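# Survey of secondary and tertiary structure
So you can see what is in the structure, the chains are spelled out below.
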Amino acid sequence: MKPETPKPIQLKNYSAPAYRIDTVDLDVSLHPTRTRVLATLKLRPSPDAAKPGGPLVLDGEMMELGSVALDGTVLEAGSYRVTADTLTLPRVPDRAFTLTTETFCNPDTNASLSGLYRSREIYTTQCEAEGFRRITYYLDRPDVLATFTTRIEADVESAPVLLGNGNLVKHGRAGRGRHFAIWHDPHPKPAYLFALVGGKLAAHRDTFTTMSGRKVDLAIYVEPGKEDRCGWAMDALKRSMKWDEERFGREYDLDVFNIVAVSDFNMGAMENKGLNIFNDRLVLANPQTATDANYADIERVIAHEYFHNWTGNRITCRDWFQLCLKEGLTVYRDQEFSADTRSRTVQRIHDVRQLKARQFPEDAGPLAHPVRPSSYIEINNFYTATVYEKGAELVRMIATLLGRETFRKGMDLYFERHDGEAATVEQFLQCFADVSGHDLKSFMNWYNQAGTPELVCALKYDSRAKTATLEVEQIHGASPGASKKSPVPIPIKIGLIGANGQELPLRLANGRELPDGVLEMTKRSEKWTFRDIPSRPVASLLRGFSAPVNLTMSTTDRQLEFLVTHDTDAFNRWQAAQDYAMRIMIAAVRALRKGQRPARPDGFVGALATLLNDTTLEPAYLAQVLAVPSESDVARVIGRDVDPALIHRARRWLRKAIGVQLGDRLVEIYESTVRIKTFKPDAKSAGERALRIAALSLLAARGNPDDIARAARHFREARNATDEIGALAILANLPGPERTEALDRFYKRWKDDHLVIRTWFGFQAAAPLSTTLRTVKQLTTHPLFSMRNPNSVYGLIGTFASSNPLQFNRPDGKGYDFVAARILELDKFNPQVAARLLGAFRSWRNLEIGRRRMALRSLQNIASTPGLSNDVQEIVSKILD
Ligand code: 0A1
Ligand code: ZN
């Protein structure tokens, strides 16, 4: 029996394992309902164990145990103990020994998608974080590294392709319509990186020659008939391999690199050694089925998983508390890859938008946790924006503080010192401290403290002394379980801009020029005086978003307009425009709440017009400028007594005002942007398409019949998915015949493509219409919808809960009831996805009282349901705490 409230696992209780496993020989005989696994483990007492010897306790669950043998002798049932999640041998030799177990599992009934399961007839595995224990009994923890050899056997007919980690050693017939393949991975690895695949798969092949001249065979395996949609992913893979050699000196280390795309997958993809497994939406692309955003995501995730080969696989994590060591670092690496491949500024804007949309609300609410948490109940709940995205920001700050070259030296040392090990965040930081002489002790506070610091800044000008003084204070609000916090080192990249828009030299009072414009704040409050400043400057702070903080500084509308027009830092020009839009929407919410009309946003629209007329700015950047902050962004900044309906009205009003006031210019942009006949997925072409659609969307917000007709025409005449889906996104939000017609046409065209049809579900779920909830309920019974498929669940229910603030937060509470009911339904078979959906409720306390009460009722309903999974139990209790 599972205890009611599971006990949290604590970082401070870490101790090295009592036993090590040197080699693992697995013999897996695949069968849809009864797969047999024969595991031979070579174990020995660990020399560095805190408590050497003692009973051997192996993890294992959801399996049937056949037999156990020690050094070849089958044990009697009384000489070991089996519980729901362990196999214990009370006495084992105090020298090296061999343990053999025979177990059976059922891939077909495994709907949790963790362990071994089948997705559309393909056998596949997912072992991170703790799925290997559903395949065999094991020391399933990341600091147990072993060399794996895997023999896979299956029916030739249903599973002609058999893949494992490492290199293929042998394959052949096994009799009775069966065949086998033996894979050997020479690199010791933790069990979470284990994978195998069996099924009817077709391959898209290529090769890559590494920097030392070794040829690597590359293959992407997909359902037969889809090989022609793998070109982009393969191209991205080869570019990633090259980039990691050039930028970090990292070479690939096996003879083969395989990727498999499956349809049922809880997350995006998984970095299993030499055998990455992907959610098919992050592999398959052609111009008709994938948008530019999909292409960019595929490129990013292919790179991310590949980069894990060094940051995650060769150097892994000592324990799951160190998850950010591989994830934050690898996200930083994939972001840098995208920045080098695409436009650095636009990439940074994209990454910062994501961080603020996903991580900032997490850090400000009941689910806040440090980048390196100190306790958890269910580790799967910690694959969060905080660990990933904020984790990447912490690495970026180290790079900013140390400079590019020293940062690279630190990375080199990390690879040299810890290759083949399971490391900690402290060890990672030590490498940078050692190469730079920089004391990074207080940097650990970033890893150990939750919450987004607030930076309160003020700039004072002394016209007689011709000096400008920047005063900065860092404020740390309370987070769950943490009220007292220490200051953190903060790199603040700044510029001072003179009256004519010129960049002023950053000369400190002692004459020292500030390198790269980066100040390093270390105390709670600090000030810096700059000399030789001829007249009152305007400060451009936190350039490129040099630290994950909330910046507060009192600025006038004029100063924001000045920055939008004159800042030499393109990122901060965009940021100033966003801040300005935010300020206007918040004022509009206030006005609407009082029943007044918002004031005309002339200053803001004028500033936008200046940007649109600046010919030095690339289309992708302008598209970002035209995208005003989302409703959720506004809700986050307002922070309390949030009324999503007023925010929705305010944002609509602003977009309409832009459409009306800049109409002619937007039409010009729409008409003049080149319509490229043959689709190319590169960033420049994508930027042009994005700008056109952004203009189309603001014109549709203006709402003249011509504008709607233009969007409908754009949809009908689209020759690629970006245009088709971009126009559908606009039409789906506007009630009327154009909407119905577009949705019908799209459905007929794409109903046989499970990836594309997901967007059709999504747009209906995201529509801010009063009929949406009814539609979403109906769609859950649609034959193309399945609760068992995570993409389907996220596409319909996830979109409704997270991308439709107006209808999810209906004042009658029915949006909450619906989502809560689906969470309970899912929790019975896929707790990971259920717990993720539950995250949509995380900001419920910020709502106005009426909605807050409704949300509370739904949450209490979940919490009081008997038999919840640990996953959902942990999240709901934190949300309600
Ligand atoms: N390590 C993968 C993400 C991942 C995590 C957990 C999973 O199952 C619970 C699956 C994938 C990555 O960072 O891409
Ligand atoms: Zn990752």
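Notes on the structure follow. (Residues numbered from 1 in each chain as written. Chains lettered and ligands numbered in written order. Predicted model: local features only at pLDDT ≥ 70, side-chain atom pairs only at ≥ 80, totals over all residues. Heavy atoms only, no water.)

## Notes on the overall build of the protein
This is how the line gets drawn: Strands are runs of DSSP state E lasting at least 2 residues, helices are runs of H or I lasting at least 4, and numbering of each runs from the N terminus. For every residue, the accessible area (1.4 Å probe, protein chains only) is compared with the maximum for its type, and the residue is labelled buried under 20%, exposed over 50%, or partly exposed between those bounds. The Shrake-Rupley method, run with a 1.4 Å probe, gives the accessible areas here. Residue values count only the displayed protein chains as cover. Neither His nor the chain termini are counted; the positive set is Lys and Arg, and the negative set is Asp and Glu. Charge positions come from single atoms, namely NZ of Lys, CZ of Arg, CG of Asp or CD of Glu.
The secondary structure content of the protein amounts to 27 helices and 33 strands. C-alpha atoms of the protein, sized along the principal axes, occupy 90 × 70 × 60 Å. Counting over 881 residues, the protein shows a buried share of 59%. Per element, the accessible surface of the protein, about 35200 Å² overall, is 49% carbon and sulfur. Charge-centre separation for the protein: the mean point of 117 positive side chains lies 4 Å from the mean point of 106 negative side chains.

## Some remarks on the site of ligand 1
Under the convention used in this document: Only heavy atoms are used to decide nearness, and a residue is near a molecule or strand if one of them lies within 4 Å of it. As used in this structure description, the phrase polar contact means that two N or O atoms lie within 3.5 Å; if the pair is within protein, one of them must be able to donate a hydrogen and the other to accept it, and residues adjacent in sequence are counted only when both atoms belong to side chains. Charged means Asp, Glu, Lys or Arg here, nonpolar means Ala, Val, Leu, Ile, Met, Phe, Trp, Tyr, Cys or Pro, and polar covers whatever is left, Gly included.
For ligand 1, the set of nearby residues contains 15 residues, the closest of which are E128, E271, E305, E327 and Y388. The separation between an oxygen atom of ligand 1 and a polar main-chain atom of A269 is 3.2 Å. Measuring from an oxygen atom of ligand 1, one finds a side-chain N or O atom of E327 at 2.9 Å. Considering ligand 1 on its own, with 370 Å² of exposed area, one finds that the protein chains cover 96% of that surface. Only β20 (269-270), α2 (292-307) and α3 (323-341) provide two or more residues apiece to the shell around ligand 1. Of the residues assigned to the shell around ligand 1, the class counts are 5 nonpolar, 5 polar and 5 charged.

## Considerations on the nonpolar core
Threshold: Definition used in this section: a nonpolar core is a set of buried Ala, Val, Leu, Ile, Met, Phe, Trp, Tyr and Cys residues joined via side-chain atoms within 4.5 Å. In this description, contact between two residues means that some pair of their heavy atoms is separated by no more than 4.5 Å.
Membership of the largest hydrophobic core comes to 285 residues, with the highest contact counts inside it found for L56, F428, F443, Y447, F530, F604 and L838. Take this core: its biggest share by element is 13 residues, from helix α10 (residues 570-593). Not counting chain neighbours up to four residues away, the residues in contact with Y447 comprise C324, P370, V371, R372, L394, V395, I398, V425, F428 and L429.

## Notes on the pairing of strand β17 (residues 202-209)
Selection criterion: When DSSP finds two or more bridges between two strands, those strands count as paired.
Alignment of β17 against strand β18 (residues 215-222), held across 8 bridges, turns out to be antiparallel. Bridge pairing links A203 to Y221 in β18. Linking β17 to β18, which pair antiparallel, is a turn of 5 residues; within it G213 sits at a positive phi near 90 degrees.

## What to know about the sheet that holds β17
Spelled out, the test is: Lines fitted to C-alpha atoms define the axes, with helix axes restricted to the stretch in contact, and inter-axis angles between N-to-C directions lie between 0 and 180 degrees.
Sheet architecture is open: 5 strands sit in the order β17-β18-β19-β21-β20, paired in mixed fashion. Single-partner strands in this sheet number two, and they are β17 and β20. As paired strands, β20 and strand β21 (residues 275-279) are joined by 2 bridges and run antiparallel to one another. Counted as the bridge partner of A269 is F278 from β21. Helix-sheet contacts for helix α1 (residues 231-248) involve β17, β18 and β19 (256-262), and the interaxial angle to β17 is about 25 degrees. In this fold α2 packs onto β19, β20 and β21, with an angle of close to 150 degrees to the strand it touches most, β21.

## Some details on helix α22 (residues 790-803)
For clarity, the cut-off: By this rule the span expected of a helix is its residue count minus one, scaled by 1.5 Å.
With 14 residues, α22 extends only 17 Å from end C-alpha to end C-alpha; this falls clearly short of the ideal 20 Å at 1.5 Å per step. With 11 of its 14 residues buried, α22 lies for the most part within the structure. Burial in α22 covers these residues: P790, N791, S792, V793, G795, L796, I797, G798, T799, F800 and A801. In this structure, the buried side of α22 is in contact with β21, α20 (757-766), α21 (772-779), α23 (805-808), α24 (814-827) and α25 (831-838).

## A few points about α1
Count 3.6 residues to each turn of an α-helix, and residues three or four apart come out pointing the same way. The end-to-end C-alpha separation of α1 is 25 Å, in line with the 26 Å expected for 18 residues at 1.5 Å each. Positioned one or two residues after α1, G249 has a phi angle of 70 degrees, which is positive.

## Re the coordination of the zinc ion (ligand 2)
Note the cut-off: For Na, K and Ca the donor cut-off is 3.2 Å, while for other metals it is 2.8 Å, and in both cases only N, O and S atoms qualify; water is not among them, so sites may look incomplete. Square planar and octahedral assignments, for four and six donors respectively, both demand that opposite donors be over 155 degrees apart and that all other angles lie between 65 and 115; tetrahedral needs four donors with all angles between 85 and 135 degrees, and anything else is irregular.
For the zinc ion (ligand 2), every protein donor is listed as H304 (NE2), H308 (NE2) and E327 (OE), and the spread of their distances is 1.9 to 2.0 Å. Between the 4 donor atoms coordinating the zinc ion (ligand 2), the angles at the centre fall across 98 to 126 degrees, so the site counts as tetrahedral. In primary sequence terms, the donor set of the zinc ion (ligand 2) follows H-x3-H-x18-E. Each member of the pair, H304 as well as H308, carries the same accessibility label: buried.

## Thoughts on the packing of helix α11 (residues 602-612) against helix α14 (residues 644-661)
To be explicit about the condition: By definition in this entry, angles of less than 35 degrees are roughly parallel, angles greater than 145 are roughly antiparallel, angles of 65 to 115 are roughly perpendicular, and the rest are oblique. Working rule for handedness: look at the near helix, and if it is turned counterclockwise from the far one by less than a right angle, call the crossing left-handed; if clockwise, right-handed.
Direction vectors running N to C along α11 and α14 enclose 55 degrees, while the axes themselves pass 10 Å from each other. Relative to α14, the element α11 lies oblique. Judged by the sense of rotation from one axis to the other, the crossing of α11 with α14 is right-handed. Together, D602, F604, V605 and L608 of α11 and L654, I658 and Q661 of α14 make up the contact between the two elements. Here the contact of α11 with α14 is composed, by residue class, of 5 nonpolar, 1 polar and 1 charged.

## Some thoughts on the packing of aromatic side chains
So the rule is basically this: Aromatic rings from Phe, Tyr and Trp, taking only the six-membered ring of Trp, are treated as a pair when their centres fall within 6.5 Å; an angle between ring planes under 30 degrees marks them as stacked, one over 60 as edge-to-face, and anything in between as tilted. Geometrically, a charge over a ring is one whose NZ (Lys) or CZ (Arg) sits within 6 Å of the ring centre while staying within 35 degrees of the ring normal.
Tallied over the entire structure, the rule returns 39 aromatic pairs. Between F746 and W750, the aromatic rings sit 6.5 Å apart at their centres with planes inclined by 50 degrees, giving tilted as the arrangement. Of the two residues, F746 and W750 both sit in helix α19 (residues 737-750), 4 residues apart, roughly one turn of that helix. The two residues F746 and W750 agree in class, both being buried. It is R118 that lies over the ring of Y123; its NZ or CZ is 5.4 Å from the centre. R692 extends its terminal NZ or CZ atom over the ring of Y670, reaching a point 4.3 Å from the ring centre.

## Observations concerning the sheet that holds strand β12 (residues 146-155)
Spatially, 8 strands are ordered β6-β5-β9-β3-β2-β12-β15-β14 in an open sheet, and the strand pairing comes out mixed. The open sheet has two edge strands with one neighbour each: β6 (73-74) and β14 (167-175). Pairing of strand β5 (residues 64-70) with β6 involves 2 bridges; the strand directions are antiparallel. Paired with L70 across the two strands is T73, which belongs to β6.

## As for unusual backbone geometry
At the junction of E128 and A129, the peptide bond is cis and its omega measures out at -5 degrees in the coordinates. Within the secondary structure, A129 sits in the loop between β11 (122-126) and β12. The backbone phi angle of D71 is positive, close to 45 degrees, even though this residue is not glycine. Here D71 shows up in the loop between β5 and β6. Classification of D71 by relative accessible area gives partly exposed; the value is 36%. A positive phi angle, near 60 degrees, is found at D532, a position not held by glycine. Examined against the element boundaries, D532 turns out to sit in the loop between β31 (525-530) and β32 (538-540). Looking at D532, the relative accessible area reads 39%, which means it is partly exposed.

## Description of the pairing of β12
Of all 10 residues in β12, 8 are buried; the element is thus mostly enclosed. Bridge count between strand β2 (residues 19-29) and β12: 7 bridges; the pairing is parallel. Residue pairing for β12: V24 is matched across the bridge by F148. Summarising the sheet, β12 and strand β15 (residues 178-189) pair through 9 bridges and their orientation is antiparallel. Along β15, the bridge assignment pairs E153 with F180.

## Considerations on the side chain of T147
Along the chain, T147 falls in strand β12. Residue T147 is classed as buried on the basis of its relative accessible area, which comes to 17%. Apart from residues lying up to four places away in sequence, T147 is in contact with D22, T23, V24, H184, D185, P186 and P188.

## Points about the environment of F761
With respect to the secondary-structure elements, F761 resides in helix α20. Judged by its relative accessible area of 4%, F761 falls in the buried class. Placed 18 residues apart in sequence, F761 and L779 show a C-alpha to C-alpha distance of 7.5 Å. Among residues more than four places away in sequence, those in contact with F761 are L779, H782, L784, F785, G795 and L796.

## Observations regarding the environment of T35
The residue T35 is located in strand β3 (residues 35-45) in this model. A relative accessible area of 0% means that T35 is categorised as buried. Placed 70 residues apart in sequence, T35 and C105 show a C-alpha to C-alpha distance of 5.3 Å. Here T35 is in contact with V28, S29, L30, T103, F104, C105, P107, L116 and Y123, once residues within four sequence places are set aside.

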